Amino acid sequence: MSLNKVSPVIGVFAALAAFAIDQITKAIVVADAATLSAGISVFPGFNLVFYRNDGVTFGMLGGAPWWSLIALALAICVWLGVMLFRADNAVEMLAYGAIIGGALGNVIDRVRYRAVTDFLDFYIGTTHWPAFNLADVFVVSGVGLLLAAPWISARRSIKS
């Protein structure tokens, strides 16, 4: 093992943090489901809502057997876990951890409710973006970070 190898603890911590933040926010939303079902305006363009999504991103695969989505997510998480432990820099480890934590947060919802709890509703006029949750934010942010990782790593090595 190289002496410059970064510990995968960064990615594991990112996964645990993403998972915990997601689950805490969803617990708050579920506890206030009656109020949030009608939606609460936070500011123009943003509401807090309570919605159960039995599909994946943007409701795709809605109506698919819940257990199949769990199996798919867990298989992807195992693969991403392998990638996390093979990664050789902190940026990639952080990204893999964020994706894994977010994905596992949504898996827990599917096990408990056979759907995912969504509550962030952004809109312009009468056009609403599909509601989503913080697990989705972690997954998308992790993918974005993975895409940016080569440039971030290159800039870090230039500064070193």
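None of these values were measured; they are calculated from a predicted model.

**Description of the packing of aromatic side chains**
Okay, so step 1: Under the criterion given, the structure shown has 3 aromatic pairs.
Okay, so step 2: Relative to Phe-132, the ring of Phe-122 lies with its centre 5.9 Å away and its plane at 15°, an arrangement referred to as stacked. Separated by 10 residues along the polypeptide, Phe-122 in strand 3 (residues 116–124) and Phe-132 in the loop between strand 4 (127–128) and helix 5 (134–159) bring together distant segments of the chain.
Okay, so step 3: The exposure class assigned to Phe-132 is buried, which follows from its relative accessible area of 17%.
Okay, so step 4: Members of the aromatic cluster, connected to one another through ring pairs, are Phe-43, Phe-46, Phe-122 and Phe-132.
Okay, so step 5: We note Arg-52 situated over the ring of Tyr-113; from NZ or CZ to the ring centre the distance is 3.7 Å.

**Things to note about the UniProt feature "transmembrane region" (unreviewed entry) in the protein**
Okay, so step 1: The sites that UniProt annotates as "transmembrane region" (unreviewed entry) are residues 6–21, 28–46, 66–86, 93–111 and 131–152.
Okay, so step 2: Measuring from the first to the last C-alpha atom of residues 66–86 gives 31 Å, for a span that is 100% helix and 0% strand.
Okay, so step 3: Across residues 93–111, helical content stands at 100% and strand content at 0%; the span's end C-alpha atoms are separated by 27 Å.

**Re the nonpolar core**
Okay, so step 1: Counting residues in each nonpolar core, the largest one holds 10 residues, listed as Ala-15, Cys-77, Leu-80, Leu-84, Ala-87, Met-93, Tyr-96, Ile-99, Ile-100 and Ala-103.
Okay, so step 2: Broken down by secondary-structure element, the contributors of at least two residues to this core are helix 3 (66–86) and helix 4 (90–113).
Okay, so step 3: For this core, the element with the highest residue contribution is helix 4, accounting for 5 residues.
Okay, so step 4: If we skip the residues at most four places from it in the chain, Ala-87 touches Lys-5, Glu-92, Met-93 and Tyr-96.

**A word on the environment of Ile-10**
Okay, so step 1: Here Ile-10 shows up in helix 1 (residues 9–31).
Okay, so step 2: For Ile-10, a relative accessible area of 33% corresponds to the partly exposed category.
Okay, so step 3: Considered as a pair, Ile-10 and Ala-90 are 80 residues apart in the sequence and their alpha carbons are 6.7 Å apart.
Okay, so step 4: Look past the residues within four positions of Ile-10 in its chain and what remains in contact with it is Ala-90 and Leu-94.

**So, the pattern of salt bridges**
Okay, so step 1: The tally for this structure, following the rule as stated, stands at 2 salt bridges.
Okay, so step 2: The partner of Lys-26 in a salt bridge is Asp-22, and the shortest N-O contact between them spans 3.0 Å. Within this pair, Lys-26 and its partner Asp-22 are both found in helix 1, separated by 4 residues, close to a single helical turn.
Okay, so step 3: Using a relative accessible area of 0% as the deciding quantity, one classes Asp-22 as buried.
Okay, so step 4: The partner of Asp-109 in a salt bridge is Lys-26, with the nearest N and O atoms 3.3 Å apart. Taken together, the positions of Asp-109 in helix 4 and Lys-26 in helix 1 put the pair 83 residues apart, joining distant regions of the chain.
Okay, so step 5: Within this structure, Asp-22, Lys-26 and Asp-109 form a network of salt bridges that share partners.

**Details of the layout of surface pockets**
Okay, so step 1: Volume-wise, the largest pocket comes out at about 760 Å³.
Okay, so step 2: Of all the elements in the fold, those that place two or more residues in the lining of the largest pocket are helix 3, helix 4, strand 3 and helix 5.
Okay, so step 3: Here the lining of the largest pocket is composed, by residue class, of 22 nonpolar, 6 polar and 3 charged.

Each value, and the rule that gives it
Residues numbered from 1 in each chain as written. Predicted model: local features only at pLDDT ≥ 70, side-chain atom pairs only at ≥ 80, totals over all residues. Heavy atoms only, no water. Phe/Tyr/Trp six-rings, centres within 6.5 Å; stacked < 30°, edge-to-face > 60°. Helix = DSSP H or I, 4+ residues; strand = E, 2+ residues; numbered from the N terminus. Buried < 20%, exposed > 50% of the residue type's maximum accessible area, 1.4 Å probe, protein only. Lys NZ or Arg CZ within 6 Å of the ring centre and 35° of its normal. UniProt positions renumbered as here; feature names shortened; annotations may be inferred. Core = buried A, V, L, I, M, F, W, Y, C linked by side-chain atoms within 4.5 Å. Contact = heavy atoms within 4.5 Å. Salt bridge = Lys/Arg side-chain N within 4 Å of Asp/Glu carboxyl O. 1 Å grid on protein atoms, 1.4 Å probe; cavity = no way out; pocket = protein on both sides within 12 Å on 5 of 7 lines; lining within 4 Å. Points joined across faces, edges and corners; volume = space filled by probe spheres on them. Nonpolar A, V, L, I, M, F, W, Y, C, P; charged D, E, K, R; others polar.

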